[in-house]
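The chain contents come next:
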2 protein chains.
Amino acid sequence: FYSSTAGETDQDARSTTIFDPQDTFQRRHIGPSPSETEKMLDFLRYDSLDSFVKDVVPSNILSSRNLQVSPNHGLSETELLERLGEIAAKNKKARSYIGCGYAGTKTPAVIARNILECPEWYTSYTPYQPEISQGRLESLVNFQTMVTDLTGLAISNASVLDEATAAGEAMTMSLAALPASRQKRPGRTFFVDSKVHPQTIAGLASRAEGFGIHISVGDALDLSKVKEVGQDLIGVLVQYPATDGSVHDYSELAGTVHELGAPLSVATDLLALTLLKAPGEFGADIAFGNAQRFGVPMGYGGPHAAFFATADKLKRKMPGRLIGVSKDRLGDPAYRLALQTREQHIRREKATSNICTAQALLANMSAMYAVYHGPAGLKAIADRVHSMARILAEGVERLGFDVNGGSKAAGGYFDTVAIKVNDAKDVAATITEWYGINLRVLDEHRVSVTMDETVSMRDLEDILAALSAFAERIPGRLTWNQMLLEIAEDLEITTTKPAEVPEVVRRTSPYLQHPVFNKYHSETEMLRYIHHLQSKDLSLANSMIPLGSCTMKLNATTEMLPITWPEFGTLHPFVPLDQAQGYKVLLDELEADLADITGFDAVSLQPNSGAQGEFTGLRVIRAYFKSLGQGQRDVCLIPASAHGTNPASASMAGMRVVTIKCDPKSGDLDMADLKIKAEKYKDHLAAIMITYPSTYGVFEPQVKEACETVHSFGGQVYMDGANMNAQIGLCSPGEIGADVCHLNLHKTFCIPHGGGGPGVGPIGVKKHLADFLPGHPIVPTGGAQAIAPVSAAPWGSASILPISWSYIKMMGARGLTHATKITLLNANYMAARLSAHYPILYTNAKGRCAHEFILDTRGFKETCGIEAIDIAKRLQDYGFHAPTMSWPVPNTLMIEPTESENLQELDRFCDALINIRQEIKEIEEGKAPRERNVLKMAPHTVKDLITGEWDRSYSREKAAHPLSYLKERKFWPTVTRVDDGTFHSQLQLSMG
Amino acid sequence: FYSSTAGETDQDARSTTIFDPQDTFQRRHIGPSPSETEKMLDFLRYDSLDSFVKDVVPSNILSSRNLQVSPNHGLSETELLERLGEIAAKNKKARSYIGCGYAGTKTPAVIARNILECPEWYTSYTPYQPEISQGRLESLVNFQTMVTDLTGLAISNASVLDEATAAGEAMTMSLAALPASRQKRPGRTFFVDSKVHPQTIAGLASRAEGFGIHISVGDALDLSKVKEVGQDLIGVLVQYPATDGSVHDYSELAGTVHELGAPLSVATDLLALTLLKAPGEFGADIAFGNAQRFGVPMGYGGPHAAFFATADKLKRKMPGRLIGVSKDRLGDPAYRLALQTREQHIRREKATSNICTAQALLANMSAMYAVYHGPAGLKAIADRVHSMARILAEGVERLGFDVNGGSKAAGGYFDTVAIKVNDAKDVAATITEWYGINLRVLDEHRVSVTMDETVSMRDLEDILAALSAFAERIPGRLTWNQMLLEIAEDLEITTTKPAEVPEVVRRTSPYLQHPVFNKYHSETEMLRYIHHLQSKDLSLANSMIPLGSCTMKLNATTEMLPITWPEFGTLHPFVPLDQAQGYKVLLDELEADLADITGFDAVSLQPNSGAQGEFTGLRVIRAYFKSLGQGQRDVCLIPASAHGTNPASASMAGMRVVTIKCDPKSGDLDMADLKIKAEKYKDHLAAIMITYPSTYGVFEPQVKEACETVHSFGGQVYMDGANMNAQIGLCSPGEIGADVCHLNLHKTFCIPHGGGGPGVGPIGVKKHLADFLPGHPIVPTGGAQAIAPVSAAPWGSASILPISWSYIKMMGARGLTHATKITLLNANYMAARLSAHYPILYTNAKGRCAHEFILDTRGFKETCGIEAIDIAKRLQDYGFHAPTMSWPVPNTLMIEPTESENLQELDRFCDALINIRQEIKEIEEGKAPRERNVLKMAPHTVKDLITGEWDRSYSREKAAHPLSYLKERKFWPTVTRVDDGTFHSQLQLSMG
Ligand SMILES: Cc1ncc(COP(=O)(O)O)c(C=O)c1O
Ligand SMILES: Cc1ncc(COP(=O)(O)O)c(C=O)c1O
Ligand SMILES: O=C([O-])O
């Protein structure tokens, strides 16, 4: 019954024996039914999908190869879950007390179910349209408030990728904050305390190189060491509590650093900060860390939200997104992205950060964790964690161990106990083998044990029992349980009188006093709060989100299910590899499939976002050239049309950016300009960065020639894979001629956007670059001559990789290829329908776009004062999220439907735009005024429509229900237009 | 930090060692914080919770016993899930092909996640308030449409409890449809074909007794047998396909039955009906069955939605709820409960059915399954199932077995193959033991194998391999896999040419042609449809639902998690008991805890609803009396205030109902009247049914006396436990003097209401009644002299029992008791606040209500024409669901807050009611008109507010935002007032 003449369908894509399962996935993922596909082909006057594709994809790049992804026809949903269940079962459940920036946590079930597992939360996009995003925005402001309160600093952003990249941001921000003259000093040095987490130190190396910064690792408490650096000092970083668990008072250090005119950065832990003096209170200028233990499973390394806060004076240098409180047209308070035009990467090569996708979903989970527990609840958790550490330390001492080394810190410790042993590696390995307990090897003679919220009395008993195998003396007369009770009694530790940290580091200031952290402590109220915020936001559960370059496709439930399986969630990223064999199978298969799809030889899954992928790929290229003795190659050619992250990444990787023109008519790369510049810089040419299909949404026919040109001058080709959804199965970066490419798994491979992250930005490379793929200081990964890591965890955001793996496995080679054809068809159908009403900006010689296209709305400014933003806002009244606005071409709209939208939805969106065109015509023809017309006043809220007198030139019904489907399905913005063009310096960034 | 002087708090309820887990549940379940509790006590002028309780609960029933529920302090959420995981692991995963009304199914992930696991769907109440329930109502209409289409009958209801009770409904409906004279014939006989499922036949026995109906089981195809019954015939029931898998053409039978003036009932299978001629097309008057295999896991027996359809001429006799399409005040189409005042149980003792809670949530899942697959998808599933059965039959024959007995039916078979063997019990047991495969023992010499959607080729191979151990000959040269492929080829079965049923029974008529079944076949569209419907409905995720007598408390996420664990979901109810040891532990513990809580000696978990519990309890009482030779005891005393199900159940159990008056002032039972009637009927006195606290929301002080009185005249005391939430830990039915009591687990014990079901209505009994607890024909359960089963499955709705078990285990004895005190406090706080504005109808001598109270709104009719319904509808404008309206006292509102609502929410609701009182005053004072005022026009939709001119006496803002919190949180009804007082005979009951 799914027969069709419209080329391959999902049923064709499977064999046809009666025994095959019926819960095939392709037909659920791909929106248009076979008959809809036929209708669209008819409309475009093609008799088959393949003849259509020939008009879209240049013949010289069309691949003759079939994808090898197996099984070819894809697994059914049931088969997938069975297979994944088997894989998950290979991950061993051990208890981890490794710490080092990751800790066990209890995700409140109400948060897991209603945020992490809830499509309304996880499918929404970065809240660039504030009127239909007030829920997420409020939650992110809660996150910011939580961070500023706990760190004692003035400003927090809405998350960065992880603690290691946060350290990098802190370093480059420190540099940027210095007077220009000092920034240029050749000896510029970032001083890093040796007790910073090792993966952070390793990550800093990766960032430092491109900026020509020296990293000096040493004892920051030895102030003379810091002073020695003198005017070369660009900043100091300490870990608080330190990686070995010790807590130190850094106030003197802060004074010293400030005297040297540099900022002090503090890597820290939000839970510890409920008990410890806030960094802002002892002089820190920047504080950052991992918010993971606020309710986000460790997930073998990520994703988690890293937080990042600074003193007010540094706020203009802040990387990432900030949310602020502004006002809407009616003067009501409204949240919006603040300082938005200052998102670092938008500054292109002048940026010191390239961060774009961040960790919004995880930030929301952590913020909700704080909302649910409130200040007293968080403190109680921290009190118990600290008390457990105290009791454990005492227990371990009673076994005759020397605890916390010779150097007991004046500040004591919070959650981590360091234990002296003969051979730390051996002790840890033996305890893992015999007891299934993972300790951390701190150094040759110390293991450490980190306590967390999940630790039970039973766990303490097990740890003591395990350590006793190596003990001097064993207190014979008591069971472990009795011993623990006795210790608690001896130390007089009770719930109402928990262990306290030493006064010198003890926190006295209040935090989380805002009502939002003090109202929702019953599950009923928490659920309602989450639901209430959710109901303000438009997500894929409402309607299509046709954001060009963002690929807002289906994030299927079956793909999402494994995300909350404990077999994937509870693993610490540094467990011994034999405990993560399930992950290994999955990562290996995913790497192999992505290599196949991209036409490359090796893949690294480490980067946590597309922008991080760019940075990684370019550093790989640099390392490659250095290995060839061509370290001087540092010029990166970038087309004018490129996404802002491209030049930002290039310059972070230490490259000089040279812009290549694009043809103003066709949008294509100006080949003449390319040749001139490639030749001009031939001795320094490192790379070209190209996006394909181009950011203008066209398969440029001369892409191969461009690659060959760059290669002929000794450069490498970096492909930005953001638009990979247009290529899969039809062509591939590797075959086209690229040497490296990143993929946004959160675009093409179904990881949901989460309201602004998480993302995964793996890179694929040709064989000659494979040796340079990034490594890791703790867990062996990457190439033989690996560059320094770009993420804190060896495989970045491992716990969401099952999503992409599942997508690929369920689609199979044929399903993936078919999806690509439909994604092209959907875009071309819309472009064709809309071309009768709006100019379409760029198309190929056959008049075809790729998977997205640009609606040229620039003309209306002159004819009637209407701009793209007015159309974008008016689309909200029609129940839609706007397409990508003013990028890559100012004052236009770029539309990308994806394969998951069916004809009905494409038509509904076209109808809306066509009707808006009529509304514009009314202004053009003078039937509606140029000001206060239905577009300029858009979007309309209920309040706007029902309050006071109505003095508009249009009716209330026209405002609300311009097309009849809106009477049945209407999504209401909750605030009227928020002016997001202006930078409000007085914007309130957290709840006061 | 949770210290408090307000009596027991959640922290008190745990011991206080630092080692205890912190994710305690009580403080999350109970809304008010300790300081809020204190505020409420202050307001009521008590210095402790316990002194408050003394003023509420009569001292002569206050229990001195502590609950034994262990652990006393409750398990933490993590501990609970660990414990439950261990229990779940005891259930063995075997493959079941038992059939008999239950089949494997694949719940589409998008439906599981977004309906079954979604609080917005599962926490809503029966859609009595249509304006804020259009989503569920539409989905239930889809269910009805699906059922009428597939059965070929005119009218379907919105689900009944299970297939066995549906059979009972069909039987009593058949009786009620006869001319009065024939209804009374002493020989009245319901003829049941012997190929009806055994559990259905057993269930019929339970229903027949009370109505004095004889059940005659025989071969219905032998028409002479049917004709023999003559004028005593009240109806005939056949199973289609029959329980042994055979399909028969019943058209001749239909003719014969109709000639005898009786209706033909057909128990059937929706999936089979996509291939088989519809019952309505061969003359059936009633068709019913289990919709389980449309996407609802077997769950060890339930809950699932049973469907029930009849010919148009019988519609006035229909039991249960029907949804219809009506119009709202603006003339727009609006769904609503139809024939609502005719819900059978509301007819009290004149009812032939007592059904109240049904299976709405499961009906919605099944309807969505049909929406997702559409007609072609469903047929493809059925085609494959049938083809698998054909191939299996052929394979089994090739092994030398005789298939489908000697009597191959002319109609063939659909999904079930009957196989002749020597010793069926032995074969089945051996195959279970060796292969982990469950077949059904059909009779001494036949096993049967039922195919379903989940069966894979591998499964068929395993079945053949297992059977081959008992085979005559084994085809040696082929693997099982090759053999299956060969058979498919020999029989020419492919996906496009699947096996067909014989023409005589083949379906030719179309079904599910309505667009709703043909639009949402991609996951994206399905998600949006589900989300769209959800967004129209008010649930506990929005605000409190203070429905008196309904106990709309928190349904916690952690309680809900196990519902979708496969270890609970995939079990067939008739698997060997050793495969269900996890369930056994859970059921045993739950029975023990409920016995403890109620003060009884034994518990049966079989009844699927409160009303079924009543029926069961009363039948147990009758059986008890019969065993004593007092079968004549058949009078049931019921207070005038009783819920309609009480008299309905009594009369279904064959009792005569005698009404006891209530004091019009106090609401209390009229003790004098009780004594007179108990004495008057002493020789026939069977029971009294009382609700405690009374349905008026008061702990009647003389309840013990009432029990003693009835006992002294030889009667038993039945307690309706609907109000158990007011008793737990403070008093108990057993100690008060009851002999039997049902509990609504969907009220007191956190099973969510699901928009009108599922429910569980277990009964507890004193020792002397334990022997009579209901049994089961297939799985041993119940007492030594068990009455016939009241449900199809031995433990009714087993798969949702983990919810109640979890609630009890997490609350612990102390948490449960504390919750009761808070529930009483919440109600009394509200009553006290509101008493300054509205009369409170009944309170005890201290002026206190129990856990609910009645707001007397009757006076406004006279002062200004306002009725309770106007207040109810106006509350929607304030974002609230109305309290229980006009029950138990006409034109009043009964409010029950439960312990889960915190002070903030109680106050918000009081504020709304107080503001409405002001709005009423404006009418009373002539400041607002008596017609078209803000109450009479309520609720207001956006459309109502923005369309056309505004000619009301109040402003739009007043309509929409009468209190300021509504500007931030507003729930919009999607239709204006739907007139649900009138019976629309022309109501459209399905999508045309
Ligand atoms: C073309 C292009 N390149 C790079 C990026 C950056 O990717 P990410 O947001 O994952 O860092 C984007 C993001 O939208 C993009 O569209
Ligand atoms: C007092 C009382 N008895 C019996 C019932 C019937 O219970 P059920 O709906 O579970 O059949 C109800 C339902 O609301 C009730 O309130
Ligand atoms: O997120 C983007 O900048 O596209």
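Residues numbered from 1 in each chain as written. Chains lettered and ligands numbered in written order. Predicted model: local features only at pLDDT ≥ 70, side-chain atom pairs only at ≥ 80, totals over all residues. Heavy atoms only, no water.

Overview of the interface of chain B and chain A
Move 1: At the interface, 86 residues of chain B touch 86 residues of chain A.
Move 2: Buried area between chain B and chain A, both sides added, is near 7,400 Å², and the carbon and sulfur share of it is 53%.
Move 3: Contact with chain A buries area across many residues of chain B, yet Ile18, Phe19 and Arg28 of chain B alone supply 12% of it, more than any other trio.
Move 4: Put simply, chain B and chain A have 10 salt bridges between them.
Move 5: The partner of Lys536 of chain B in a salt bridge is Glu968 of chain A, with the nearest N and O atoms 3.0 Å apart.
Move 6: Put simply, chain B and chain A have 40 residue pairs in polar contact (both at pLDDT 80 or more) between them. (Contact = heavy atoms within 4.5 Å. Buried area = accessible area lost by both parts, 1.4 Å probe. Salt bridge = Lys/Arg side-chain N within 4 Å of Asp/Glu carboxyl O. Polar contact = N/O pair within 3.5 Å; in protein donor to acceptor, adjacent residues only side chain to side chain.)

A look at the packing of helix α14 (residues 360–398) of chain B against helix α17 (residues 480–490) of chain B
All names here are of chain B.
Move 1: Look at α14 against α17: their axes get within 10 Å of each other, and the N-to-C directions meet at 115°. One finds that α14 runs roughly perpendicular with respect to α17. Relative to α17, the crossing made by α14 is right-handed. On the side of α14, the interface is formed by Ile391, Glu394, Gly395 and Arg398, while α17 contributes Met483, Leu484, Glu486, Ile487, Ala488 and Asp490. (Axes fitted to C-alpha atoms, helices over the stretch in contact; angles between N-to-C directions. Helix = DSSP H or I, 4+ residues; strand = E, 2+ residues; numbered from the N terminus. Parallel < 35°, antiparallel > 145°, perpendicular 65-115°, else oblique. Left-handed = near helix turned anticlockwise from the far one by under 90°.)

With respect to the sheet that holds strand β17 (residues 656–660) of chain B
Residues and elements named next belong to chain B.
Move 1: Taking strand neighbours across the sheet as the criterion, the 7 strands line up as β15-β21-β20-β19-β18-β16-β17 in an open arrangement whose pairing is mixed. Where the open sheet ends on each side, the last strands, each with one partner, are β15 (602–604) and β17. Ignoring strand direction, the axes of neighbouring strands in this sheet form an average angle of 25°.
Move 2: When strand β19 (residues 716–721) meets strand β20 (residues 740–743), the two strands line up parallel, connected through 4 bridges. Paired with Tyr718 across the strands is Val740, a residue of β20.
Move 3: Packed onto the sheet, helix α23 (residues 645–652) meets β16 (635–639), β17, β18 (685–691) and β19 and runs at close to 175° relative to β16.
Move 4: The sheet contacts of helix α24 (residues 671–680) involve β16, β17 and β18, and relative to β17 the element is tilted by about 150°. (Pairing = 2+ DSSP bridges.)

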